[in-house]
Amino acid sequence: MMQKYIGCDVTSMVTLPVLIFEPMTMLQKMAELMEYSHLLDKADECEDPYMRLVYATSWAISVYYAYQRTWKPFNPILGETYEMVNHGGITFISEQVSHHPPMSAGHAENEHFTYDVTSKLKTKFLGNSVDVYPVGRTRVTLKRDGVVLDLVPPPTKVNNLIFGRTWVDSPGEMIMTNQTTGDKAVLYFQACGWFGAGRYEVDGYVYNANEEPKILMTGKWNESMSYQPCDMEGEPLPGTELKEVWRVAAAPENDKFQYPYFAHKINSFDTAPKKLLASDSRLRPDRAALEEGDLSKAGAEKSSLEERQRAEKRNREAQGHEFKPRWFDMTDEIAPTPWGDLEIYQYNGKYTEHWTTADASGNIDIEDVKSVDFNPWQYGNLAEE
């Protein structure tokens, strides 16, 4: 049945059974990068420009522990959102800004940094595996000095989709560039060899603008990262020692979906604002049913949402309306990536304005959340706003 899709991008063209899903959407998955946001706080507070990159790249690596889960997140509905507060002083908002191709945009902010991402994942189905190309742009601005960091992550491969035990690997380079100074970190994710040799291992250096190594970094993306000052040859400096900068937090044992505690926190209403948009991923009935273990209901609700999305598109096109995201604006900028060009969406500031004014239209009280219907379509036709 899947043979005709070999070599194709199957991001949104194949309807998949809910059996292989986890109770989380891609918008929520984007928020998992905020678990160890304290590392960005440290990067902002740090005087040493090279240690800034050590903290920032360790933050970028930390999410790969979550990425090794083999359950598929739900594709967001056009106009769907996810909000998160009550974690590290962060306000986080993400939105599905395009359906074909599937594109998401996100923004996070606290007193130390702002985080902006435009994501357009591409996939290539290879029969018993899928290559995932992270077409996107991730930018972090450290507020104290206005330093801008740009991240290019490695691609990911999901192995043994049909035969054998499914597992995830991300071989290749991760590059984080300080666009203000020209310094950069280049870390290599080792490919998994025979009998698991080399899996999880990450090694590399922080370089100055002249591409001279200053700090070596080493570790495993599912355990911890460490650093040590080095000489021009990349060898550890005498009198220095390897110091740990990040270690993965303890996770629940025998969790059904291999969730760490933070993933459960993302799904809970503990991280939701007191007034929540009705388009929030937590309110999706298919996601909620899967979380409760009701596969039959989850499958029916998923099909219903997809049909409602198709109906909304037909209605919108019949009226000559164009969908316009509420919290992000499409810019004229086209950013090159190793896997193709990317249209950039920019946070428009309206979400912050929304919470600092009396206008909370479209929001619901957390106390009433169980009686509210998921509704990402309420803003879908308002292109004139």
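Parameters and conventions
Residues numbered from 1 in each chain as written. Predicted model: local features only at pLDDT ≥ 70, side-chain atom pairs only at ≥ 80, totals over all residues. Heavy atoms only, no water. UniProt positions renumbered as here; feature names shortened; annotations may be inferred. Helix = DSSP H or I, 4+ residues; strand = E, 2+ residues; numbered from the N terminus. Contact = heavy atoms within 4.5 Å. Buried < 20%, exposed > 50% of the residue type's maximum accessible area, 1.4 Å probe, protein only. Pairing = 2+ DSSP bridges. Axes fitted to C-alpha atoms, helices over the stretch in contact; angles between N-to-C directions. Phe/Tyr/Trp six-rings, centres within 6.5 Å; stacked < 30°, edge-to-face > 60°. Patch = residues over 30% accessible without salt bridge, like charges linked within 9 Å, V, L, I, M, F, W, Y side chains within 5 Å. Areas by Shrake-Rupley, 256 points an atom, 1.4 Å probe, with all protein chains shown as cover. Salt bridge = Lys/Arg side-chain N within 4 Å of Asp/Glu carboxyl O. Expected span 1.5 Å × (residues − 1).

Per an unreviewed UniProt entry, the protein goes by Oxysterol-binding protein-related protein 3C-like isoform X2 and derives from Nicotiana sylvestris. Listed in UniProt under the heading Sequence similarities (unreviewed entry), the comment for the protein reads: "Belongs to the OSBP family."

Colleague: Explain the overall build of the protein to me, using residue names and the numbers behind them.
Modeller: When helices and strands are counted, the protein shows eight helices and 22 strands. Excluding contacts between residues fewer than 6 apart, the proportion of contacts in the protein whose partners are at least 24 apart in sequence is 58%.

Colleague: Please give an account of unusual backbone geometry that cites residues and values.
Modeller: A cis amide bond links His 100 with the next residue in sequence, Pro 101, at an omega value of 0°. Counting through the fold element by element, Pro 101 comes out in the loop between β4 (91-98) and β5 (103-109). At Asn 86, a position not held by glycine, the phi torsion is positive, near 60°. Considering the arrangement of structural elements, one finds Asn 86 in the loop between β3 (81-84) and β4. Asn 86 sits in the exposed class, given a relative accessible area of 54%. Its identity is not glycine, yet Asn 160 carries a phi of approximately 55°, on the positive side. Checked against the element boundaries, Asn 160 lands in the loop between β11 (156-159) and β12 (167-169). Residue Asn 160 is classed as partly exposed on the basis of its relative accessible area, which comes to 23%.

Colleague: Run through the sheet that holds β12, naming residues and quoting values.
Modeller: Here we have four strands laid out as an open sheet, ordered β7-β8-β11-β12, and antiparallel in their pairing. The sheet is open, and its two edges are formed by β7 (122-125) and β12, each paired on a single side. Taken pair by pair, the neighbouring strands of this sheet meet at an average axis angle of 20°, ignoring direction. In this structure, strand β8 (residues 130-133) lies alongside β11, joined through three bridges in antiparallel fashion. Across the sheet, the residue bridging to Val 132 is Thr 156, located in β11.

Colleague: I'd like a rundown of the packing of aromatic side chains, residues and numbers included.
Modeller: Here the distance between the centres and the angle between the planes together describe a pair of aromatic rings. Within this structure, the stated rule accounts for 13 aromatic pairs. When the ring of Trp 59 is compared with that of Tyr 115, the centres are 6.0 Å apart and the planes differ by 80°; the resulting orientation is edge-to-face. Of this pair, Trp 59 sits in helix α3 (residues 49-62) while Tyr 115 sits in strand β6 (residues 113-119), and the two are 56 residues apart along the sequence. One aromatic cluster in this structure is built from Tyr 64, Tyr 67, Phe 189, Tyr 200 and Trp 221.

Colleague: Kindly report on a nonpolar patch on the surface, identifying the contributing residues and their values.
Modeller: Together, Leu 19, Ile 20 and Leu 295 make up an exposed nonpolar region whose accessible area comes to about 260 Å². For Leu 19, the position within the fold is in the segment before β1 (21-25).

Colleague: If you had to explain helix α7 (residues 295-318) to someone new, which residues and values would you point to?
Modeller: Compared with the 34 Å implied by 1.5 Å per residue over 24 residues, the 35 Å span of α7 between its first and last C-alpha is a close match. Taken together, the buried positions of α7 are occupied by Ala 298, Lys 302, Leu 305, Glu 306, Gln 309, Glu 312 and Arg 316. Phi for Gly 320, located one or two positions after α7, is positive at around 70°.

Colleague: Can you lay out the pattern of salt bridges for me, pointing to particular residues and giving the numbers?
Modeller: For the structure on display, the rule yields 21 salt bridges. A salt bridge links Arg 144 to Glu 47, with the nearest nitrogen and oxygen atoms 3.2 Å apart. Taken together, the residues Arg 144 in the loop between β9 (136-142) and β10 (147-152) and Glu 47 in the loop between α2 (38-45) and α3 connect sequence positions 97 residues apart. Judged by its relative accessible area of 39%, Arg 144 is partly exposed. Lys 143 is the partner of Glu 109 in a salt bridge, and the nearest nitrogen-oxygen pair spans 2.9 Å. Within this pair, whereas Glu 109 is found in strand β5, its partner Lys 143 is found in the loop between β9 and β10, the two being separated by 34 residues in sequence. For Glu 109, a relative accessible area of 29% translates into the label partly exposed. Residue Lys 143 is classed as partly exposed on the basis of its relative accessible area, which comes to 36%.

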